[in-house]
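Chains, contacts and geometry: an overview
Single-letter residue listing:
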Amino acid sequence: MIFKRSERGKAPVEPVTLKILVAGGFGVGKTTLVGAVSEIKPLRTEEPLSEAGRPVDDTSGVSGKHTTTVAMDFGRITLREDLVLYVFGTPGQDRFWFLWDELATGALGAVVLADTRRLEDCFAAVDYFERRSIPFVVGVNCFDGASRYPAEAVRQALDLDPEVPVLLCDARERQSVKEVLIGVVEHAMSVAAATREPATT
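Presented here is an overview of the structure given in this document. (Residues numbered from 1 in each chain as written. Predicted model: local features only at pLDDT ≥ 70, side-chain atom pairs only at ≥ 80, totals over all residues. Heavy atoms only, no water.)

Section: the overall build of the protein chain
- Along the backbone of the protein chain there are five helices and eight strands.
- Helices and strands in the protein chain line up, N terminus first, as β-α-β-β-β-β-α-β-α-β-α-β-α.
- Residues classed as buried in the protein chain amount to 46% of the 201 residues present.
- Carbon and sulfur atoms make up 52% of the accessible area of the protein chain, which totals about 10,900 Å². (Helix = DSSP H or I, 4+ residues; strand = E, 2+ residues; numbered from the N terminus. Buried < 20%, exposed > 50% of the residue type's maximum accessible area, 1.4 Å probe, protein only. Areas by Shrake-Rupley, 256 points an atom, 1.4 Å probe, with all protein chains shown as cover.)

Section: helix 4 (residues 151-158)
- All of the buried residues in helix 4 are Val154, Arg155 and Leu158. Projected down its long axis, helix 4 shows its buried positions confined to an angular sector of 105°, all on one face.
- Lining the buried residues of helix 4 we find helix 3 (123-131), strand 7 (136-141) and strand 8 (166-169). (Arc of directions from axis to C-beta. Contact = heavy atoms within 4.5 Å.)

Section: the packing of aromatic side chains
- Applying the stated criterion across every chain yields a total of six aromatic pairs.
- Measuring from ring centre to ring centre gives 5.3 Å for Tyr128 and Phe129, while their planes differ by 90°; the resulting arrangement is edge-to-face. Pair check on accessibility: Tyr128 and Phe129 agree, each one buried.
- Considering the side-chain rings of Phe129 and Phe136, the 6.2 Å spacing of their centres and the 35° angle between planes classify their relative orientation as tilted. Neither Phe129 nor Phe136 differs from the other in exposure class; each is buried.
- Aromatic rings pair up to connect Trp100, Tyr128, Phe129 and Phe136 into one cluster.
- For Lys19, the ring lying beneath its charged end belongs to Phe88, and the centroid distance is 5.0 Å.
- For Arg117, the ring lying beneath its charged end belongs to Phe143, and the centroid distance is 4.6 Å. (Phe/Tyr/Trp six-rings, centres within 6.5 Å; stacked < 30°, edge-to-face > 60°. Lys NZ or Arg CZ within 6 Å of the ring centre and 35° of its normal.)

Quick word on the nonpolar core
- Counting residues in hydrophobic clusters, the biggest one holds 26 residues, and the most contacted among them are Leu21, Val112, Phe129, Phe136, Val138, Leu158 and Leu160.
- Secondary structure elements with two or more residues in this core: strand 1 (16-24), helix 2 (100-104), strand 6 (109-114), helix 3, strand 7 and helix 4.
- If you tally residues by element for this core, the top one is helix 3, at four residues.
- Ignoring any residue separated from it by four or fewer positions in sequence, one finds Leu158 in contact with Leu119, Cys122, Phe123 and Val138.
- If you look at the next biggest cluster of nonpolar residues, it comprises 22 residues, including Leu18, Val37, Leu113 and Val185. (Core = buried A, V, L, I, M, F, W, Y, C linked by side-chain atoms within 4.5 Å.)

Here you go:
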């Protein structure tokens, strides 16, 4: 647990810690995103792609990728003295999806990272969070050389509910990633507030 003193002589502040998942297809930039925003050296569980995995790991569109996350990525970011985010990147291939339930336990919300060149790769993550009623935003990772599409076009292609935020981002840039994570927190708070409101008759 992290303790900080805001002023000399005052009692330490025990921050609220929140857990956010980063999910999406293979090679979409989850590890890069966690590494870009983490204030600590991120924990990574990457292994080289093997010949054994070649038949099941679709590297089309990500031919330069030589490693894969086999458990999770983990990072931490302090948004305020009293608010700390723990960021967990999930493995992208479906053979590791059994880990998702464990990682999703206690999560405030999630980022579904998308690549417009392979948008179908994030369908499974969208379905996962929708089925479990976990608030999520879609972060469109704007790769160099990839076509750019308006957020509304991505929303329609993914058949998202109107209230799900779609945010354009660069997974390599700390400020860009920070804005996406703030978007997750704000969206999760909005969903929680709507749930608490009494039904009108």
